[in-house]
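Architecture and fold: a report
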Amino acid sequence: MEIELLEKENTPENVIEHCKAVCRKAMKIAANFNDADRDLIRQGALLHDIGRSRTHGITHALEGVEIAQKYGYPVEVLNIIERHIGAGITPEEAQKLGLPKKSYVPQTIEEKIVAHADNLISGTREVDIDFVINKWKRSIEDSDDNIERLIKLDYELIKTFEE
């Protein structure tokens, strides 16, 4: 159903393929957690970039929420879409980026899993945390706080289970 919705909203094919790859990665991460709602993760992962049918800017998350809301998705899915960017965006960072001033930091295990799966997929290719850190150092001004959140998220969702 979500793939059909992405197509109906004229989401670019490369974005749809990216969403599928993020979904696969999210399901791998979710396997570490008995309490994670896999159906919610699947829906959120597939729809996390639906806003890219309208814009490729930072507001794609807000656009995505608007689209998913129109189709009656529950608040849990809307929150995944809204909070999937990077390792989250603080109210102060949001204001600098021109977003409404509030926290876009993932809160629930499902939100964290989708956000981090998205971090670890570049296009449709799986990448490691070092790739993401280097990319962020090049593309995000004053990236230290973002990278710190990223490493914390990686530890919580992945590294803990590799030890």
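These notes cover the structure that comes with them. Within each chain, residues carry numbers counting from 1 in the order of the written sequence. Restriction of local features to residues with pLDDT of at least 70 applies here, the model being predicted, together with a cutoff of 80 or more for giving and counting side-chain atom pairs; totals for whole chains, interfaces and linings are based on all residues. For the side-chain quantities, the full set of heavy atoms in the structure was used; hydrogens and water were omitted.

Focus: the packing of helix α4 (residues 60–70) against helix α5 (residues 75–82)
Between N-to-C directions, angles span 0 to 180 degrees; the directions come from axes that are lines fitted to C-alpha atoms, helices contributing only their stretch in contact. Helical segments are the DSSP runs of H or I of at least four residues, strand segments are the runs of E of at least two, and each set is numbered from the N terminus. Two elements in contact, α4 and α5, have axes separated by 8 Å at closest approach and are oriented at 160°. Considered as vectors, α4 and α5 are oriented roughly antiparallel to each other. The way α4 lies across α5 gives a crossing that is right-handed. Within the contact between the two elements, α4 uses Ala61, Leu62, Gly64, Val65, Ala68 and Gln69 and α5 uses Leu78, Ile81 and Glu82. For the contact of α4 with α5, a count of residues per class yields 6 nonpolar, 2 polar and 1 charged. Working rule for angles: under 35 degrees goes down as roughly parallel, over 145 as roughly antiparallel, 65 to 115 as roughly perpendicular, anything else as oblique. Note on convention: near helix rotated counterclockwise from far helix by under a right angle means a left-handed crossing. Clockwise means right-handed. Contact between two residues is taken to exist if any of their heavy atoms lie within 4.5 Å; hydrogens are not considered. Each residue gets one of three labels, nonpolar for Ala, Val, Leu, Ile, Met, Phe, Trp, Tyr, Cys and Pro, charged for Asp, Glu, Lys and Arg, and polar for the others, Gly among them.

Looking at unusual backbone geometry
Of note, Asn10 is a non-glycine position whose phi angle comes to about 60°, a positive value. Mapped onto the fold, Asn10 is located in the loop between α1 (2–8) and α2 (13–30).

Quick notes on the pattern of salt bridges
Between Lys or Arg on one side and Asp or Glu on the other, a salt bridge is scored when a side-chain nitrogen of the former is within 4 Å of a carboxyl oxygen of the latter. Across all of its chains, the model carries 14 salt bridges by this definition. Residue Lys70 is joined to Glu9 by a salt bridge in which the shortest nitrogen-to-oxygen separation is 3.4 Å. Taken together, the residues Lys70 in helix α4 and Glu9 in the loop between α1 and α2 connect sequence positions 61 residues apart. Relative accessibility thresholds used throughout: buried, under 20% of the residue-type maximum; exposed, over 50%; partly exposed, between the two (1.4 Å probe, protein chains only). Owing to a relative accessible area of 53%, Lys70 belongs among the exposed residues under this scheme. The structure contains a network of salt bridges with shared partners spanning Glu2, Asp39 and Arg42.

Concerning the nonpolar core
As a rule of thumb, soluble globular proteins bury nonpolar side chains together. Here, nonpolar core means buried Ala, Val, Leu, Ile, Met, Phe, Trp, Tyr and Cys residues that are tied together by side-chain atoms lying within 4.5 Å of each other. With 44 residues, the main nonpolar core has Leu47, Ile113 and Leu157 as its most contacted residues. For this core, the secondary-structure elements that each account for two or more residues are α1, α2, α3 (38–47), α4, α5, α7 (109–119), α8 (129–139) and α9 (144–162). Element by element, the count of residues in this core is highest for α2, at 9 residues. Excluding residues within four positions of it along the chain, Ile113 makes contact with Ala26, Ile29, Ala30, Phe33, Ala36, Ile41 and Leu157. Membership of the second largest hydrophobic core comes to 6 residues, among which are Ala61, Ile89, Ala94 and Leu99.

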